[in-house]
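Structural characterization, general
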Amino acid sequence: MELLLKQRTEILRALCSGGSAEHLESILDILLAQEEITWEDYQNVQVTGRPLNSNARNLLDLVYTKGADTCELFLAALKQILPKEQGAGLCFLEHSSTLDELEVTQRTWTETVLKRRPSLVWKLQGSVQDAVEALVESGHFSSADANEVLLPVYTPSQQARRLLDHVGSKGESASKMLLQFSQLSEEPQTSPSQDKLTNTTEVLKRFKEKLSSSVSAESCFLSTYGRTNHMPLEVIFTEVQLALPDNKPVSLEEIVSPKDAVNGEADTVLVSGVAGSGKSTLLQRLHLLWSQGGALRDFLLVFPFSCRRLNSELRELSLQELLFQHCCWPDRGQEEIFQFILDHPQLILFTFDGLDELKQSFSDDQRLCCPTQRAPVHVLLFNLIQGSLMKGVWKVVTSRPDAVGPGLKQHLRREVLLKGFSPAGIESFVRQHHRDPTVAAKVLESLQANTALLGLCHSPVLCWIVSQCHKELLGCGEGRPQTLTDVYLMILQHFFQHKHLLKNPIGAGWLQEHKETVLYLGKLAFDGISTSCYVFSSTDLELCNVGERELLTGFLIQSRNVSQIDGKCYEFLHLTIQCFFAALHIVLSPNVERSAVTKLFDLWNTAEKSSTCFGLCLPDKQSWAAKNDRNAVETPNLQIIATFVSGLLSQRHKSLWLHCCPGAVLEQKGRQVVKSMSKGMQRHFRSIPKPIPGEKKSMHALPHFVWLIKCIYEMQDSQIAKDAMSKLEVDHLKLTYCNIGPVECTALAFVLQHLKNPVGLNLDNNSVGDVGVEQLLPCLHICSSLYLRNNNITDEGIRKLTDKGVQCDSFQKIALFNNRLTDACTQHFSHLLKTKQNFLALRLGNNNITADGAKLLAEGLKQNGSLMYLGLWGNRIGDEGAEVIANALESSTSLVWLR
């Protein structure tokens, strides 16, 4: 008893290792079989839905209260079921009774099943379905019994235990039949081997079954956005847009493909996308398809990892420990399975979700090639990615693009860009989210009437928020959400109202009523971002005064797959929700320094200094310095927070804060935001080189410029936008490869429409799409030329563009190489050419235009006397199309360039 008590923490850690309940359940099997615990004891310990560590504690309490003999048997059972490496740190009794010595003769079939429970679990876990079918055929089991045993959320060993539980309640006949079945199943049988491996061992097969079952259980329900509705992934999953950097479409199954390799020697694929674009859900879908045999069939074993979870692993681990403790623990043959992994790397796939959430920046300073050598988890991960460790194993890594530097990119086989929902994807998601088709139709109608919000919905997380808040959306009248901040304020109000916390949900005082809750959650979010912490312990919550009331709001959810001896762990519904609460903290908290806003926006200096603006904002600077890591605060998170701060401090939301914070303080913070954005813009303008004589003055903007534009848009103040553009004097503004989507187009149009003089706007190689084109229309009058090469634009986008373009005198050139244009677009361009006699350049190369489209275009060319540049190469106009184009150009005196 003393030995058990002294080692309680170590035993708990061993029982909860890797998040698997297998060790705990195996010990319960033995204690049941030896009649040291009753069936009632078993049910009190093994409570479904309760955290694993709570069940383990209850078992230790139970064993201790039963006295020395039960403690002795428990330790003997623990020694038997624990792998040697896990039991190495524990002390066991030198002369304890063996489990065999405790055997006694049983008199009934039911008692025999109970007595043999540990061995039966092992024997049956590979043939549970066959046993269930036999029991159904014989009339011992109903179909309901069968379904309950074979639930896919159970691992094979758990299914075997559920089978034994049901059989025990069915009487002697069922028990006898099961024992006879187990004896028959022991006889040698031949089974078909897999294509890739003809001599797969029984141990490996069982491990694959357990791993597949575990991956399936983790993936079958939507794991992001808080799992608030327990939505089956099969039902709610909506295809997202995937493409290579050259905009070549990629399907989900083609993510892991030897084709289109940038570095043929590498074996790591990066899936990059902005926060909320659906990276985690995409991986989850891939995992589920593998577990069902629907994808990744070339891989025998798939090991999924979450970098967010790996942050909580402070021990040094070997590769074997990382795989088995953090993914799936083999019931038997750990060494044999690991050796197979080493010998057959081409059959193994690792996935790492959220590399940008890892506390450490990628580095190849510490090389590691020995799979048995222990090292910090991030060192193992970096060496796996770069191929020093386990060369030949495929890896899929997800990250936000801003967090991936050139050091990591040189180790990538290829990069796949995740571009969120297409317009059809938005419609599909909304219809799947709402069972009532009438509600879905109203939401979609509201989105079509609000193109700014429709643009935001290309981000899956924002589409989810809008779907969740459909009542608020449909009831907001003229005050429809326009900005990112509007949408997140809507979800804030929705959650308070949904949890019945608001006495006055419609009035302006709803935020004041729950200011304390917002501040407590804001402090937790703020501290977490400052230390790259996304999973919080009970202690973390306590330090920020986050209690039951805050948990009831629903913004924090219990974190899965994080083994903590000291209790539950929590995380925010989504990273962007955490950033939003951190922004609320900066705006509302009296404990944040007044210079915090300025430091938040000063990202250029931040990148050059060892300490960050968040560190300087914290009251305890010494504590911050101790925790600081070179990547402790990531620029992408800071940019999201700064965007929210801009929106929260805008004049249009001023009424929300009237009774939450002194007006003078808010005014000062608002002025700081405006001043910081102005200074940021001036930095960009000063970087514009002087033009070469005879050439136009151009500015190649950096991603920071786009971010500042988005911050200005969040404030929804035309005067601020006008002031920002007053000193920009260029002829050409280049924003290529800047991840410009519909949301960014909305912000660009809001700001650029205030330019003094027309400008050539180059948005080549982005993700503008048809919705983005529509969002750009308010600034088309100030665009002398518009370059939209490689932007996934269709004929519908062109229709809207040309309808507006004929009204804009300055608009004279357009380039649309490599989009999705067909003959239908040529009718619109023909009308534009007939109408605009000052139009100079039309470049439509590498689309899907045929002779029919050429005929329509020729009608416009005949009546235009200004066109100088015409590009049609890479289409399919053929000889017939070439002839009609030639005839149309026969009398042209303006054309100087034809391709």
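For the structure given in this document, a descriptive report is provided here. All values derive from a computational prediction rather than experimental measurement.

Looking only at helices and strands, the protein has 46 helices and 17 strands in total. Counting only residues that meet the buried cut, the protein has 56% of its 899 residues in that class. Carbon together with sulfur atoms contributes 49% to the accessible area of the protein, which is approximately 38700 Å² in total.

So, about the pairing of strand β12 (residues 759-762). Residues Val759 and Leu761 point to one face of β12 and Gly760 and Asn762 to the other, with burial holding for every one of them. In the sheet, strand β11 (residues 732-734) pairs with β12 via 3 bridges, with the strands oriented parallel. For Leu733, the partnering residue across the bridge sits in β12 and is Leu761. Between β11 and its parallel partner β12, the chain crosses via helix α41 (residues 742-752), and the hand of that crossover is right-handed. The parallel pair β12 and strand β13 (residues 783-787) is bridged by helix α42 (residues 769-776), and the resulting crossover is right-handed.

Attention shifts here to empty space enclosed by the protein. Take a probe with the size of a water molecule and roll it over the atoms, and the empty space left behind shows itself. Applying the stated criterion across every chain yields a total of 5 cavities of 30 Å³ or more. Computed from the structure, the largest cavity encloses a volume of approximately 120 Å³. Taken together, 12 residues line the largest cavity, and the ones lying closest to its centre are Phe237, Thr238, Thr281, Phe421 and Phe429. Taken together, the residues of the lining of the largest cavity sort by class into 9 nonpolar, 3 polar and no charged.

So, about unusual backbone geometry. Phi is positive for Gln716, close to 50 degrees, though the residue is something other than glycine. In this structure Gln716 comes out as partly exposed when scored by relative accessible area, which is 26%. A positive phi angle, close to 60 degrees, is found at Asn765, a residue other than glycine. For Asn765, the location among the structural elements is in the loop between β12 and α42.

With that settled, the discussion passes to helix α46 (residues 878-889). If you check α46, its first and last C-alpha atoms are 17 Å apart, about what 12 residues at 1.5 Å a residue would give, namely 16 Å. Turning to α46, its buried residues number three or more, namely Gly881, Ile885, Ala888 and Leu889. The arc that holds every buried residue of α46, seen down its axis, measures 95 degrees, which confines them to one face. α46 presents Asp879 and Glu883 as exposed residues on the side facing more than 90 degrees away from its buried surface. Elements in contact with the buried residues of α46: α45 (851-862), β16 (869-871) and β17 (897-898).

Moving on, we come to the sheet that holds strand β3 (residues 301-306). Taken in spatial order, the 6 strands line up as β1-β6-β2-β5-β4-β3 in an open sheet, and their pairing is mixed. The outermost strands of the open sheet, each flanked by one partner alone, are β1 (242-243) and β3. One ladder, built from 4 bridges, connects strand β4 (residues 348-353) with strand β5 (residues 394-399); its direction is parallel. Bridging across to β5, Leu349 finds its partner in Trp394.

Orientation of helix α9 (residues 117-124) relative to helix α12 (residues 156-168), taken along the N-to-C sense of each, is 125 degrees, at an axis distance of 8 Å. In terms of their interaxial angle, α9 and α12 are classed as oblique. α9 and α12 meet at a crossing whose hand is right-handed. For the pair α9 and α12, the contacting residues are Arg117, Leu120, Val121 and Leu124 in the first and Ser157, Ala160, Arg161, Leu163, Leu164 and Asp165 in the second. Tallied by class, residues from the contact of α9 with α12 come to 6 nonpolar, 1 polar and 3 charged.

The next thing to look at is the packing of helix α22 (residues 423-433) against helix α23 (residues 437-448). Contact pair α22 / α23: the axes reach a minimum separation of 9 Å and the direction vectors enclose 145 degrees. Crossing angle aside, the handedness with which α22 passes α23 is right-handed. Contacts between α22 and α23 involve Ile426, Glu427, Val430 and Arg431 on the former and, on the latter, Ala440, Val443, Leu444 and Leu447.

Here the focus is the side chain of His411. With respect to the helices and strands, the residue His411 is situated in the loop between α21 (406-409) and β6 (414-418). Judged by relative accessible area, which is 14%, His411 ranks as buried. When near neighbours in sequence (up to four residues on either side) are disregarded, His411 contacts Ala266, Thr268, Phe362, Asp364, Ile385 and Gln386.

On to the sheet that holds strand β9 (residues 569-572). The strand order across the open sheet formed by 3 strands is β7-β9-β8, and the pairing between neighbours is antiparallel. Unpaired on one side and paired on the other, β7 (536-537) and β8 (556-558) mark the two borders of the sheet. Judged from the 3 bridges that link them, β8 and β9 form a sheet pairing that is antiparallel. Among the inter-strand pairings, Ile557 is bridged to a residue of β9, identified as Glu571. Contacting β7, β8 and β9, helix α29 (residues 515-530) runs over the sheet at an angle of about 90 degrees to β9.

The rules behind each value
- Residues numbered from 1 in each chain as written.
- Predicted model: local features only at pLDDT ≥ 70, side-chain atom pairs only at ≥ 80, totals over all residues.
- Heavy atoms only, no water.
- Helix = DSSP H or I, 4+ residues; strand = E, 2+ residues; numbered from the N terminus.
- Buried < 20%, exposed > 50% of the residue type's maximum accessible area, 1.4 Å probe, protein only.
- Areas by Shrake-Rupley, 256 points an atom, 1.4 Å probe, with all protein chains shown as cover.
- Pairing = 2+ DSSP bridges.
- Right-handed = clockwise from strand over helix to strand, strands pointing away.
- 1 Å grid on protein atoms, 1.4 Å probe; cavity = no way out; pocket = protein on both sides within 12 Å on 5 of 7 lines; lining within 4 Å.
- Points joined across faces, edges and corners; volume = space filled by probe spheres on them.
- Nonpolar A, V, L, I, M, F, W, Y, C, P; charged D, E, K, R; others polar.
- Expected span 1.5 Å × (residues − 1).
- Arc of directions from axis to C-beta.
- Contact = heavy atoms within 4.5 Å.
- Axes fitted to C-alpha atoms, helices over the stretch in contact; angles between N-to-C directions.
- Parallel < 35°, antiparallel > 145°, perpendicular 65-115°, else oblique.
- Left-handed = near helix turned anticlockwise from the far one by under 90°.

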